[in-house]
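Read off the chains here:
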Amino acid sequence: MINKFLFKHIDNSALIIFRIIFGLLCFLETVGAIFTGWIKRTLIDPDFTFSFIGLEWLQPLPGNGMYFYYGFMGVLGLCIMVGYKYRWSTILFTVLWAGTYFMQKASYNNHYYLLILLSGLMAIQPAHKYMSFDADANPDIKQNSMPQWCSLVFILQMFIVYTYGAIAKIYPDWLNTTVIEVLMKGKANYILVGDLLQQKWVHYFLAYGGILFDGLIIPLLLIKRTRKIAFLASIFFHLFNSFIFQVGIFPYLSLAFALFFFEPKQIHDLFLKTKNPFTMLGK
(Lines give C-alpha, C1' and ligand atoms only; values in the text may rest on other atoms or scores of the structure.)
Protein backbone atom coordinates (compact mmCIF):
# COMPACT_ATOMS: atom_id res chain seq x y z
CA MET A 1 0.00 0.00 0.00
CA ILE A 2 2.76 2.43 0.99
CA ASN A 3 4.88 1.50 -2.03
CA LYS A 4 1.90 2.00 -4.34
CA PHE A 5 1.34 5.46 -2.85
CA LEU A 6 4.99 6.54 -2.99
CA PHE A 7 5.69 5.20 -6.48
CA LYS A 8 2.44 6.23 -8.13
CA HIS A 9 3.37 8.32 -11.17
CA ILE A 10 2.25 11.95 -11.28
CA ASP A 11 2.85 14.91 -13.57
CA ASN A 12 6.49 16.07 -13.27
CA SER A 13 6.11 19.70 -14.35
CA ALA A 14 6.57 21.04 -10.79
CA LEU A 15 9.93 19.27 -10.48
CA ILE A 16 11.10 20.42 -13.91
CA ILE A 17 10.32 24.09 -13.24
CA PHE A 18 11.80 23.79 -9.75
CA ARG A 19 15.03 22.41 -11.24
CA ILE A 20 15.32 25.45 -13.49
CA ILE A 21 14.71 27.88 -10.62
CA PHE A 22 16.95 25.94 -8.25
CA GLY A 23 19.86 25.90 -10.69
CA LEU A 24 19.47 29.62 -11.40
CA LEU A 25 19.43 30.44 -7.68
CA CYS A 26 22.53 28.29 -7.08
CA PHE A 27 24.27 30.26 -9.83
CA LEU A 28 23.19 33.60 -8.35
CA GLU A 29 24.22 32.58 -4.83
CA THR A 30 27.73 31.56 -5.83
CA VAL A 31 28.36 34.44 -8.23
CA GLY A 32 26.88 36.85 -5.68
CA ALA A 33 29.39 35.64 -3.11
CA ILE A 34 32.16 36.73 -5.48
CA PHE A 35 30.87 40.16 -6.43
CA THR A 36 29.60 41.21 -2.99
CA GLY A 37 33.01 40.56 -1.46
CA TRP A 38 31.71 37.76 0.79
CA ILE A 39 34.45 35.36 -0.30
CA LYS A 40 37.18 37.89 0.39
CA ARG A 41 35.81 38.82 3.83
CA THR A 42 35.02 35.27 4.91
CA LEU A 43 37.52 32.95 3.26
CA ILE A 44 40.49 34.95 1.97
CA ASP A 45 41.19 37.79 4.42
CA PRO A 46 40.92 35.88 7.75
CA ASP A 47 44.22 34.56 9.09
CA PHE A 48 42.42 31.72 10.83
CA THR A 49 39.38 29.67 9.87
CA PHE A 50 37.12 27.85 12.32
CA SER A 51 36.68 24.53 10.57
CA PHE A 52 34.50 21.77 12.03
CA ILE A 53 36.01 19.17 14.37
CA GLY A 54 37.66 16.44 12.35
CA LEU A 55 37.72 18.61 9.23
CA GLU A 56 40.71 20.79 10.12
CA TRP A 57 42.33 19.69 6.86
CA LEU A 58 39.55 21.43 4.95
CA GLN A 59 40.94 24.93 4.39
CA PRO A 60 40.26 27.69 1.84
CA LEU A 61 42.35 27.48 -1.31
CA PRO A 62 45.35 29.83 -1.37
CA GLY A 63 45.51 33.04 -3.39
CA ASN A 64 42.51 33.54 -5.63
CA GLY A 65 41.64 29.85 -5.52
CA MET A 66 38.30 30.40 -3.79
CA TYR A 67 37.15 32.69 -6.60
CA PHE A 68 37.71 29.85 -9.08
CA TYR A 69 36.08 27.43 -6.61
CA TYR A 70 32.91 29.53 -6.47
CA GLY A 71 33.05 30.30 -10.17
CA PHE A 72 33.02 26.56 -10.89
CA MET A 73 30.03 26.14 -8.56
CA GLY A 74 28.29 28.87 -10.55
CA VAL A 75 28.88 26.92 -13.76
CA LEU A 76 27.46 23.82 -12.08
CA GLY A 77 24.39 25.84 -11.10
CA LEU A 78 23.82 26.72 -14.75
CA CYS A 79 24.29 23.07 -15.71
CA ILE A 80 21.63 22.10 -13.19
CA MET A 81 19.32 24.77 -14.53
CA VAL A 82 19.52 23.56 -18.15
CA GLY A 83 19.78 19.89 -17.22
CA TYR A 84 23.25 19.28 -18.66
CA LYS A 85 25.07 16.26 -17.16
CA TYR A 86 22.51 16.74 -14.44
CA ARG A 87 23.49 13.97 -12.03
CA TRP A 88 27.17 14.80 -12.01
CA SER A 89 26.53 18.54 -11.89
CA THR A 90 24.22 18.23 -8.88
CA ILE A 91 26.47 15.80 -7.01
CA LEU A 92 29.52 17.99 -7.59
CA PHE A 93 27.65 21.11 -6.51
CA THR A 94 26.53 19.36 -3.31
CA VAL A 95 30.08 18.24 -2.48
CA LEU A 96 31.64 21.64 -3.21
CA TRP A 97 28.94 23.58 -1.36
CA ALA A 98 29.32 21.27 1.65
CA GLY A 99 33.08 21.80 1.46
CA THR A 100 32.86 25.58 1.71
CA TYR A 101 30.27 25.24 4.48
CA PHE A 102 32.49 23.02 6.61
CA MET A 103 35.73 24.97 6.08
CA GLN A 104 34.57 28.14 7.89
CA LYS A 105 32.27 27.69 10.88
CA ALA A 106 32.45 31.41 11.67
CA SER A 107 30.19 32.07 8.67
CA TYR A 108 27.52 29.59 9.81
CA ASN A 109 24.06 30.17 8.38
CA ASN A 110 21.24 27.64 8.68
CA HIS A 111 20.23 28.47 5.10
CA TYR A 112 23.63 27.27 3.92
CA TYR A 113 23.07 23.96 5.71
CA LEU A 114 19.60 23.70 4.15
CA LEU A 115 21.12 24.16 0.70
CA ILE A 116 23.36 21.13 1.33
CA LEU A 117 20.27 19.05 2.11
CA LEU A 118 18.29 20.35 -0.86
CA SER A 119 21.08 19.93 -3.39
CA GLY A 120 21.61 16.40 -2.06
CA LEU A 121 17.90 15.69 -2.55
CA MET A 122 18.04 17.15 -6.04
CA ALA A 123 20.87 14.76 -6.90
CA ILE A 124 18.51 11.78 -6.55
CA GLN A 125 15.58 13.40 -8.34
CA PRO A 126 14.68 12.61 -11.99
CA ALA A 127 14.62 16.34 -12.67
CA HIS A 128 16.50 16.08 -15.97
CA LYS A 129 14.00 13.92 -17.86
CA TYR A 130 12.13 16.77 -19.49
CA MET A 131 13.12 20.17 -20.87
CA SER A 132 16.83 19.46 -20.49
CA PHE A 133 19.97 18.99 -22.54
CA ASP A 134 20.20 15.45 -21.17
CA ALA A 135 16.71 14.55 -22.44
CA ASP A 136 17.39 16.13 -25.84
CA ALA A 137 20.65 14.20 -26.17
CA ASN A 138 19.06 10.94 -25.01
CA PRO A 139 15.32 10.82 -25.88
CA ASP A 140 15.03 7.41 -24.21
CA ILE A 141 15.08 9.07 -20.77
CA LYS A 142 12.42 11.66 -21.62
CA GLN A 143 9.39 11.43 -19.32
CA ASN A 144 6.37 13.57 -18.47
CA SER A 145 5.88 11.92 -15.08
CA MET A 146 7.67 11.07 -11.86
CA PRO A 147 7.05 8.92 -8.77
CA GLN A 148 4.96 10.70 -6.16
CA TRP A 149 7.77 10.50 -3.57
CA CYS A 150 9.74 13.02 -5.62
CA SER A 151 7.23 15.70 -4.64
CA LEU A 152 6.53 14.42 -1.13
CA VAL A 153 10.17 14.50 -0.08
CA PHE A 154 10.35 18.25 -0.67
CA ILE A 155 7.05 18.88 1.10
CA LEU A 156 8.30 16.87 4.09
CA GLN A 157 11.66 18.68 4.10
CA MET A 158 10.01 22.11 4.13
CA PHE A 159 7.51 20.99 6.78
CA ILE A 160 10.49 20.12 8.99
CA VAL A 161 12.18 23.47 8.28
CA TYR A 162 9.12 25.59 9.00
CA THR A 163 7.97 23.58 12.01
CA TYR A 164 11.38 23.81 13.60
CA GLY A 165 11.41 27.53 12.80
CA ALA A 166 8.13 27.99 14.67
CA ILE A 167 9.27 25.97 17.70
CA ALA A 168 12.64 27.74 17.83
CA LYS A 169 10.88 31.11 18.17
CA ILE A 170 9.00 30.11 21.31
CA TYR A 171 11.31 31.58 23.95
CA PRO A 172 10.98 34.68 26.19
CA ASP A 173 13.12 37.17 24.25
CA TRP A 174 11.20 36.43 21.05
CA LEU A 175 7.77 36.41 22.67
CA ASN A 176 8.32 39.78 24.39
CA THR A 177 9.69 41.15 21.07
CA THR A 178 13.15 41.97 22.47
CA VAL A 179 14.85 40.16 19.59
CA ILE A 180 12.69 41.85 16.95
CA GLU A 181 13.26 45.27 18.51
CA VAL A 182 17.04 44.82 18.42
CA LEU A 183 16.90 43.63 14.82
CA MET A 184 14.70 46.52 13.72
CA LYS A 185 16.92 49.18 15.32
CA GLY A 186 19.51 48.40 12.67
CA LYS A 187 16.90 49.07 9.97
CA ALA A 188 15.90 52.56 11.14
CA ASN A 189 17.61 54.20 8.15
CA TYR A 190 15.63 52.21 5.57
CA ILE A 191 13.77 54.37 3.08
CA LEU A 192 9.98 54.57 3.63
CA VAL A 193 9.76 51.72 6.16
CA GLY A 194 12.55 52.61 8.62
CA ASP A 195 10.31 54.52 11.06
CA LEU A 196 7.49 52.00 10.72
CA LEU A 197 9.80 49.17 11.73
CA GLN A 198 10.44 50.87 15.07
CA GLN A 199 6.78 50.70 16.11
CA LYS A 200 6.00 48.32 18.97
CA TRP A 201 2.87 46.94 17.30
CA VAL A 202 4.99 46.04 14.28
CA HIS A 203 7.37 44.12 16.54
CA TYR A 204 4.47 42.10 17.97
CA PHE A 205 3.07 41.52 14.50
CA LEU A 206 6.42 40.22 13.25
CA ALA A 207 7.13 38.10 16.34
CA TYR A 208 3.79 36.33 16.55
CA GLY A 209 3.09 36.46 12.82
CA GLY A 210 6.40 34.67 12.28
CA ILE A 211 5.44 31.85 14.63
CA LEU A 212 2.01 31.46 13.04
CA PHE A 213 3.40 31.58 9.51
CA ASP A 214 6.07 28.96 10.16
CA GLY A 215 3.68 26.69 12.00
CA LEU A 216 0.75 26.88 9.57
CA ILE A 217 2.09 27.59 6.08
CA ILE A 218 2.63 23.98 4.95
CA PRO A 219 -0.77 22.68 6.16
CA LEU A 220 -2.49 25.70 4.56
CA LEU A 221 -0.71 25.09 1.25
CA LEU A 222 -1.79 21.46 1.32
CA ILE A 223 -5.47 22.43 1.65
CA LYS A 224 -6.92 23.51 -1.70
CA ARG A 225 -9.35 26.05 -0.18
CA THR A 226 -6.57 27.94 1.63
CA ARG A 227 -3.76 27.42 -0.90
CA LYS A 228 -3.99 30.75 -2.75
CA ILE A 229 -4.26 32.80 0.44
CA ALA A 230 -1.33 30.89 1.92
CA PHE A 231 0.73 31.51 -1.20
CA LEU A 232 -0.03 35.25 -1.08
CA ALA A 233 1.04 35.26 2.57
CA SER A 234 4.23 33.46 1.51
CA ILE A 235 4.99 36.12 -1.08
CA PHE A 236 4.63 38.90 1.52
CA PHE A 237 6.59 37.01 4.17
CA HIS A 238 9.53 36.05 1.97
CA LEU A 239 9.81 39.33 0.07
CA PHE A 240 9.75 41.16 3.42
CA ASN A 241 12.60 38.95 4.65
CA SER A 242 14.52 39.47 1.43
CA PHE A 243 14.19 43.26 1.56
CA ILE A 244 14.67 43.77 5.30
CA PHE A 245 17.20 41.07 6.18
CA GLN A 246 18.98 40.39 2.84
CA VAL A 247 19.06 36.63 3.41
CA GLY A 248 20.25 35.64 -0.06
CA ILE A 249 18.36 33.18 -2.21
CA PHE A 250 16.40 31.52 0.61
CA PRO A 251 13.17 33.58 0.26
CA TYR A 252 12.98 32.87 -3.47
CA LEU A 253 13.88 29.21 -3.01
CA SER A 254 11.08 28.93 -0.45
CA LEU A 255 8.61 30.50 -2.86
CA ALA A 256 9.71 28.04 -5.56
CA PHE A 257 8.67 25.14 -3.30
CA ALA A 258 5.06 26.27 -3.72
CA LEU A 259 5.21 24.58 -7.13
CA PHE A 260 4.77 21.21 -5.43
CA PHE A 261 1.43 22.26 -3.93
CA PHE A 262 -0.34 23.50 -7.07
CA GLU A 263 -2.18 21.54 -9.74
CA PRO A 264 -0.11 20.50 -12.81
CA LYS A 265 -2.52 22.33 -15.13
CA GLN A 266 -1.83 25.61 -13.32
CA ILE A 267 1.91 25.07 -13.63
CA HIS A 268 1.63 24.30 -17.34
CA ASP A 269 -0.58 27.30 -18.01
CA LEU A 270 1.75 29.65 -16.13
CA PHE A 271 5.20 28.37 -17.08
CA LEU A 272 5.01 25.97 -20.00
CA LYS A 273 2.02 27.21 -22.04
CA THR A 274 1.50 23.58 -23.09
CA LYS A 275 -0.45 20.58 -21.89
CA ASN A 276 1.42 17.65 -20.42
CA PRO A 277 0.50 14.46 -22.32
CA PHE A 278 0.64 12.53 -19.03
CA THR A 279 -1.99 14.82 -17.49
CA MET A 280 -4.16 14.72 -20.62
CA LEU A 281 -4.32 10.93 -20.35
CA GLY A 282 -5.82 11.37 -16.89
CA LYS A 283 -3.25 9.16 -15.17
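Structure's up top.
The model shown is predicted, which means the values in this text are computed figures rather than measured ones. (Residues numbered from 1 in each chain as written. Predicted model: local features only at pLDDT ≥ 70, side-chain atom pairs only at ≥ 80, totals over all residues. Heavy atoms only, no water.)

## What about the overall build of the protein?
So, step 1. Within the protein one finds 15 helices and two strands.
So, step 2. A compact globule built from 283 residues should have a C-alpha radius of gyration of about 19 Å, and the protein, at 21 Å, falls within 12% of that.
So, step 3. In terms of principal-axis extent, the alpha carbons of the protein reach across some 55 × 50 × 40 Å.
So, step 4. Of the contacts made within the protein by residues no fewer than 6 positions apart, 74% connect residues no fewer than 24 positions apart.
So, step 5. As displayed, the protein offers around 15600 Å² of accessible surface, 70% of which is attributable to carbon and sulfur atoms.
So, step 6. If the 22 positive side-chain charges of the protein are averaged to one point and the 14 negative ones to another, these points end up 10 Å apart. (Helix = DSSP H or I, 4+ residues; strand = E, 2+ residues; numbered from the N terminus. Rg over C-alpha atoms; globule rule 2.2 N^0.38 Å. Contact = heavy atoms within 4.5 Å. Areas by Shrake-Rupley, 256 points an atom, 1.4 Å probe, with all protein chains shown as cover. Lys, Arg positive; Asp, Glu negative; His and termini not counted. Charge placed at Lys NZ, Arg CZ, Asp CG, Glu CD.)

## Observations regarding a nonpolar patch on the surface
So, step 1. On the surface, Leu196, Trp201, Phe205 and Phe236 cluster together into a nonpolar patch covering about 480 Å² of accessible area.
So, step 2. The residue Phe205 is located in helix H11 (residues 200-222) in this model.
So, step 3. The class of Phe205 is partly exposed, set by a relative accessible area of 47%. (Patch = residues over 30% accessible without salt bridge, like charges linked within 9 Å, V, L, I, M, F, W, Y side chains within 5 Å. Salt bridge = Lys/Arg side-chain N within 4 Å of Asp/Glu carboxyl O. Buried < 20%, exposed > 50% of the residue type's maximum accessible area, 1.4 Å probe, protein only.)

## Concerning helix H2 (residues 13-35)
So, step 1. The end-to-end C-alpha separation of H2 is 33 Å, in line with the 33 Å expected for 23 residues at 1.5 Å each.
So, step 2. In the segment just after H2, Gly37 is the residue with positive phi, at about 85°. (Expected span 1.5 Å × (residues − 1).)

## Overview of empty space enclosed by the protein
So, step 1. In total, this model carries one cavity of 30 Å³ or more according to the counting rule given.
So, step 2. If you add up the space inside the largest cavity, you get close to 90 Å³.
So, step 3. Contributions of two or more residues to the lining of the largest cavity are made by helix H8 (149-168), H11, helix H12 (224-245) and helix H13 (250-256).
So, step 4. Among the elements that line the lining of the largest cavity, the one with the most residues is H11, at three residues.
So, step 5. For the lining of the largest cavity, a count of residues per class yields nine nonpolar, three polar and no charged. (1 Å grid on protein atoms, 1.4 Å probe; cavity = no way out; pocket = protein on both sides within 12 Å on 5 of 7 lines; lining within 4 Å. Points joined across faces, edges and corners; volume = space filled by probe spheres on them. Nonpolar A, V, L, I, M, F, W, Y, C, P; charged D, E, K, R; others polar.)

## Overview of the side chain of His203
So, step 1. If you trace the backbone, His203 turns up in helix H11.
So, step 2. At 2.8 Å, the side chain of His203 and the backbone oxygen of Leu197 are in polar contact.
So, step 3. Those residues in contact with His203 that lie beyond four places of it in its chain are Thr177, Ile180, Glu181, Met184, Leu197 and Gln198. (Polar contact = N/O pair within 3.5 Å; in protein donor to acceptor, adjacent residues only side chain to side chain.)

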